[in-house]
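Here's the letter readout for the chains.
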Amino acid sequence: MTDIDLLAMTDEAPGALRLEPVPAWAGPKEDDAGKDGGGKNSTETGTITKTRPKTKRPNLYRVLLLNDDYTPMEFVVLVLQDVFNKSREEAMRIMLHVHQKGVGECGVYPYEVAETKVTRVMDTARKNQHPLQCVMEKQ
Ligand code: TYC
């Protein structure tokens with residue numbers, strides 16, 4: 001895949017910076033030009049470029065915890081505090097939600113951040129021999 005293909009696939013929104021060539025006919029008027037006037041005897045050469053603010057929204061992923069019958073509630077609360085930086089109260093609320101509903105959201109992050117958090121949860125659960133499951137889904 002070429003860079004052009006990748007560019008075409010990018011989901012852009014207002015705000016980001018992007019350099020775009022401006023055709024000669026769309027360039028500055030004589031009044032706007034540099035100190036030589038930019039008129040028909042102008043010595044200015046080169047491509048005129050203009051910046052336009054653009055932002056790229058990152059693709060976001062929800063990180064979800066799944067309920068099971070064996071992982072201790074306290075372990076889930078500690079994971080939520082440690083991996084997802086939740087307060088004790090918020091961690092308790094999320095854990096109870098997952099316990100009662102079967103699934104619950106721990107946070108929404110760009111792809112690589114979400115992936116790292118899922119890995120951290122799964123690694124710590126496995127090390128402690130708990131069946132806790134954590135998944136991510138595109139928002
Ligand atoms: N259901 C578990 C229990 O009763 C607690 C639990 C909550 C497990 C949330 C996993 O994602 C989970 N010990």
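This text goes with the structure placed above it.
Everything quoted here is computed from the prediction, not taken from an experiment.

Draft legend 1. Up close: the side chain of Lys117. Inspection of the secondary structure puts Lys117 in helix H4 (residues 111–127). Although Lys117 is buried, it makes no salt bridge; Asp82 carries the closest opposite charge, 9.4 Å away. Look past the residues within four positions of Lys117 in its chain and what remains in contact with it is Val83, Phe84, Asn85 and Tyr109.

Draft legend 2. Region of the structure containing the nonpolar core. Among the nonpolar cores identified, the biggest contains 22 residues, and Val63, Leu65, Leu80, Phe84, Val121, Leu132 and Cys134 are the most heavily contacted of them. For this core, the secondary-structure elements that each account for two or more residues are strand S3 (60–66), helix H2 (73–84), helix H3 (88–101), strand S4 (103–110) and H4. Residue contributions to this core peak at 7 residues, all from H2. The contact partners of Phe84, leaving out residues within four places of it in the chain, are Val63, Val79, Cys106, Tyr109, Lys117, Val121 and Cys134.

Thresholds applied
- Residues numbered from 1 in each chain as written.
- Predicted model: local features only at pLDDT ≥ 70, side-chain atom pairs only at ≥ 80, totals over all residues.
- Heavy atoms only, no water.
- Helix = DSSP H or I, 4+ residues; strand = E, 2+ residues; numbered from the N terminus.
- Buried < 20%, exposed > 50% of the residue type's maximum accessible area, 1.4 Å probe, protein only.
- Lys, Arg positive; Asp, Glu negative; His and termini not counted.
- Salt bridge = Lys/Arg side-chain N within 4 Å of Asp/Glu carboxyl O.
- Contact = heavy atoms within 4.5 Å.
- Core = buried A, V, L, I, M, F, W, Y, C linked by side-chain atoms within 4.5 Å.

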